[in-house]
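# Structural description and commentary
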Amino acid sequence: MSLSNALQIGRAGILASQTGLEVIGNNLANVSTPGYHRQTTSLTPVQTGNLSSGLLVGSGVTVESITRRISEALESRIRSGISDQAASEVQQDVLAQIEALENEFTDIDLSTNLTEFFDAWSELANTPDDHSKRTLVIEQGRKLGSFVQDLRGNMLSLRDQVDESVDAAVASANQVLGRLAVINNEVARVENTNGQANSLRDERDALLAELSKYVDISTVEQRDGKVDVFVGSIPVILNGTNRGIQLKRTANGDDMNLQLVLRADGSPLPATAGEIKGLLEARESSVNGAMADLDDFAANLIHQVNLLHSQGQGTTGFESVTGVTRFENATAVLNSEDALLAFNVKHGSFQVHLTQAQTGQRITTNIDVDLDGIDPTNDATLNSIATALNNVDNLSASVSASGQLVLQTSGSDFELSFSDDSSGFLAVAGINTFFTGKDGATIDINQIISNDPGKVAVTQGHVPGGNTNALALSSLRSESLSDLGGISLTEQWNRHIEEYAGRLGQARSTFEADVIVQSSLNAQQQAISGVNSDEEVINLLSYQRAFQGSARFLSVVDEMMQTILGLI
């Protein structure tokens, strides 16, 4: 071995040790850096050379590579865990907000308002001629309707808030995709020139993890170092090109259907997790579901109260009355889809009473509502009912231009009242009803009742001082109703509360489980990719000793060369 070769060996040792020290220093400097993957130095002996007689001597050491410590399978699982956790977190948050809006664990809730409304009817039944109790029924009904409207309005605001969050999440995801595409191309550029892009790969992995927060992804690395990113089987980054994502909105009545699609060609993206998917599911299942339940409850409350109230009588009758319902098609059969009615009219009949105030004589007329379907030409329409009512002596009936049924007695000496409606027509038409509206957004008190508490239908059968109708209305709170499948109005709302409490509990459990799983995966990642300061210090000492040894070796070789030069 020549002294010049010995110098090269020493030099190689110093350079290799110096590189190892730099890598360790970089690791220690990034011990708290999020997304940093520990790097290790791989050393290999340099090709050997001949000494003599076939003896071979090494030519030192060289740095073969600087490697990131990473498990791609684990990284994929971590990204999947991030998506699952993000989805469960937003679903939990939205359900918790719905619970807060409904406020069922306090006295300021729908259940309390419902109880107070039925209690007011019960108190009125005890003293049916008490004007103040009639007024209390009206005020409690107005309070209940106002609470339902406010609750629905707050749910609508929550849906708007979720929509804004979805838009923000999609915009953030697109920003991440744009940065990923740039980093992708940089990784390929560096590594295709025989360089190592460890820092760029760390940055890319951090961006992939950030993207996973919004939508669940999978990746495939190409030979040039670029990664293609997929949502389901649809590539959102392909060959370094960002194809983007966006929300597709389609009208659905007074709402919009939202769908995540590929911006490049509009293909639906089959996301199964992530914040965007969680928000879309929470919007449809939780918020819209709660609004639908509230609307269904309000519709049943309106219709069931009106069914009873429309058949009762107050202390005063009607000289004239206009139904609050506006019929879209006065010629359509009442139980057909063409009628476009919010509530169902059945085959049956109702009674109209005209009482002459001066004599007290009461004339009762039975009005048939033929909806048996035997002879479709005779099935009842709004126009046919108006015609039948118009044939009653001292009563005129017509359909207004706005589609409302208008009834008018022949003079102030006559009073109009109603009873025994087996068809539900009076309630559907809005004649002698307590509530108006058809859902949680439109529920209100009939203005006729509000203006004249004497129109509150307390009795049935025209019994002076009677309370039969008030008792029937009070009993609605717990009465099993066939229209509700055998449950009461109170039970219907309680079932909604129980369902959403269960869903919130399940969402919290799922989120907690996702957090635990993610913590476990992060711990596994730290074991593989994290920087252990103690371990790095041990390696630091090893490379330090190697550096000192190479330096001492060079010093000895230098002394030998000086000795040889002195001999010349």
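Refer to the preceding data block for the structure.
Rules and cut-offs
Residues numbered from 1 in each chain as written. Predicted model: local features only at pLDDT ≥ 70, side-chain atom pairs only at ≥ 80, totals over all residues. Heavy atoms only, no water. Helix = DSSP H or I, 4+ residues; strand = E, 2+ residues; numbered from the N terminus. Rg over C-alpha atoms; globule rule 2.2 N^0.38 Å. Buried < 20%, exposed > 50% of the residue type's maximum accessible area, 1.4 Å probe, protein only. Contact = heavy atoms within 4.5 Å. Areas by Shrake-Rupley, 256 points an atom, 1.4 Å probe, with all protein chains shown as cover. Lys, Arg positive; Asp, Glu negative; His and termini not counted. Charge placed at Lys NZ, Arg CZ, Asp CG, Glu CD. Axes fitted to C-alpha atoms, helices over the stretch in contact; angles between N-to-C directions. Parallel < 35°, antiparallel > 145°, perpendicular 65-115°, else oblique. Left-handed = near helix turned anticlockwise from the far one by under 90°. Nonpolar A, V, L, I, M, F, W, Y, C, P; charged D, E, K, R; others polar. Pairing = 2+ DSSP bridges. Expected span 1.5 Å × (residues − 1). Bend = angle between axes of the 7 residues up to and from the residue. Phe/Tyr/Trp six-rings, centres within 6.5 Å; stacked < 30°, edge-to-face > 60°. Lys NZ or Arg CZ within 6 Å of the ring centre and 35° of its normal. Patch = residues over 30% accessible without salt bridge, like charges linked within 9 Å, V, L, I, M, F, W, Y side chains within 5 Å. Salt bridge = Lys/Arg side-chain N within 4 Å of Asp/Glu carboxyl O.

Moving on, we come to the overall build of the chain. Regarding its fold elements, the chain presents 12 helices and 18 strands. Compactness check: the chain gives a C-alpha radius of gyration of 40 Å against a globular reference of 24 Å for 568 residues, more than 25% above the reference. With the C-alpha coordinates of the chain rotated into their principal frame, the extents come out at 155 × 45 × 35 Å. A total of 568 residues make up the chain; the buried ones form 44% of that total. The contacts of the chain with a sequence gap of at least 6 include a subset with a gap of at least 24, amounting to 68%. Only carbon and sulfur atoms are counted for the fraction: they give 49% of the accessible area of the chain, which is about 26900 Å². Computed over 36 positive and 71 negative side-chain charges, the inter-centroid distance for the chain is 11 Å.

Moving on, we come to the packing of helix α2 (residues 72-102) against helix α5 (residues 198-214). Closest axis-to-axis distance for the α2/α5 pair is 7 Å, and the angle between their directions is 30 degrees. By the criterion of interaxial angle, the relationship of α2 to α5 is roughly parallel. Relative to α5, the crossing made by α2 is right-handed. Residues Arg79, Ile82, Ser83 and Ala86 of α2 lie in contact with α5, whose contacting residues are Leu208, Ala209, Ser212 and Lys213. Its residues placed into classes, the contact of α2 with α5 shows 4 nonpolar, 2 polar and 2 charged.

With that settled, consider the sheet that holds strand β13 (residues 362-369). Strand order in the open sheet formed by 3 strands is β13-β12-β16, and the pairing between neighbours is antiparallel. The open sheet is flanked by β13 and β16 (414-419), the only strands paired with a single partner. In this sheet, neighbouring strand axes are inclined to one another by 25 degrees on average, regardless of whether the strands run parallel or antiparallel. Bridge analysis of strand β12 (residues 348-356) against β16 gives 6 bridges, and the strand direction is antiparallel. Residue pairing in the sheet places Thr355 in a bridge with Glu415 of β16. Packed onto the sheet, helix α7 (residues 382-390) meets β12 and β13 and runs at close to 160 degrees relative to β13.

Below, the discussion takes up the packing of helix α6 (residues 275-309) against helix α11 (residues 489-529). For the pair α6 and α11, interaxial distance at closest approach is 10 Å and the crossing angle is 170 degrees. It follows from the interaxial angle that α6 and α11 lie roughly antiparallel. Between α6 and α11, the contacting residues are Ser285, Ser286, Gly289, Ala290, Asp293, Leu294, Asp296, Phe297, Asn300, Leu301 and Gln304 on the first element and Leu489, Gln492, Trp493, His496, Glu499, Tyr500 and Arg503 on the second. Split into classes, the residues belonging to the contact of α6 with α11 amount to 7 nonpolar, 7 polar and 4 charged.

With that out of the way, let us pick up the pairing of strand β14 (residues 395-399). Sheet topology places β14 next to strand β15 (residues 405-409); 5 bridges connect them, and they run antiparallel. The partner of Ala397 across the bridge, within β15, is Leu407. Connecting β14 to the next strand, β15, in antiparallel fashion are 5 residues, including Gly403 with a positive phi near 85 degrees.

The strand order across the open sheet formed by 4 strands is β5-β6-β7-β8, and the pairing between neighbours is antiparallel. Looking at the sheet topology across the chains shown, the edges are occupied by β5 (218-221) and β8 (241-242). In the sheet, β5 pairs with strand β6 (residues 227-231) via 4 bridges, with the strands oriented antiparallel. Looking at β6, one finds that Val220 is bridged to Asp228.

Before going further, it helps to spend a moment on the environment of Gly240. Here Gly240 is to be found in the loop between β7 (234-238) and β8. In this structure Gly240 comes out as buried when scored by relative accessible area, which is 8%. Sequence separation between Gly240 and Gly505 is 265 residues; the distance between their C-alpha atoms is 43 Å. Leaving out residues up to four positions away in the same chain, Gly240 has contacts with Ala181, Asn184, Asn185 and Lys226.

The first and last C-alpha atoms of α6 sit 48 Å apart over 35 residues, in line with the 51 Å expected at 1.5 Å per residue. The principal kink in α6, of about 35 degrees, is found at Arg283. A large share of α6 lies buried, amounting to 28 of its 35 residues.

Bringing the packing of aromatic side chains into the picture now. Counted by the stated rule, this structure contains 9 aromatic pairs. Seen in terms of ring centroids, Phe117 and Phe118 are 5.4 Å apart; in terms of plane orientation they differ by 55 degrees. Their pairing is tilted. Like Phe118, Phe117 is buried. Each ring, one from Phe350 and one from Phe425, has its centre 5.6 Å from the other, and the planes form 10 degrees; the classification is stacked. Here Phe425 lies in helix α8 (residues 425-429) and Phe350 lies in strand β12, a separation of 75 residues in the sequence. Across the pair, Phe425 and Phe350 agree in class, each one buried. Here a set of aromatic residues connected by ring pairs shows up, and it is made of Phe117, Phe118, Trp121, Phe434 and Phe435. Against the face of Phe318 rests Lys455, its NZ or CZ located 5.4 Å from the ring centre. We note Arg503 situated over the ring of Tyr500; from NZ or CZ to the ring centre the distance is 4.5 Å.

The next point concerns a nonpolar patch on the surface. Side chains of Ile564, Leu565 and Ile568 sit close together on the surface and give an oily, nonpolar patch of about 350 Å² of accessible area. Among the secondary structure elements, Leu565 is positioned in helix α12 (residues 533-567).

Turning our eyes to something else, we now look at the environment of Gly440. As for its placement among the helices and strands, Gly440 is situated in the loop between β17 (435-436) and β18 (444-445). Exposure remark for Gly440: the relative accessible area of 0% places this residue in the buried category. Along the chain, Gly440 and Leu294 lie 146 residues apart, while their C-alpha atoms are 6.2 Å from each other. Those residues in contact with Gly440 that lie beyond four places of it in its chain are Val148, Gln149, Arg152, Asp295 and Ala298.

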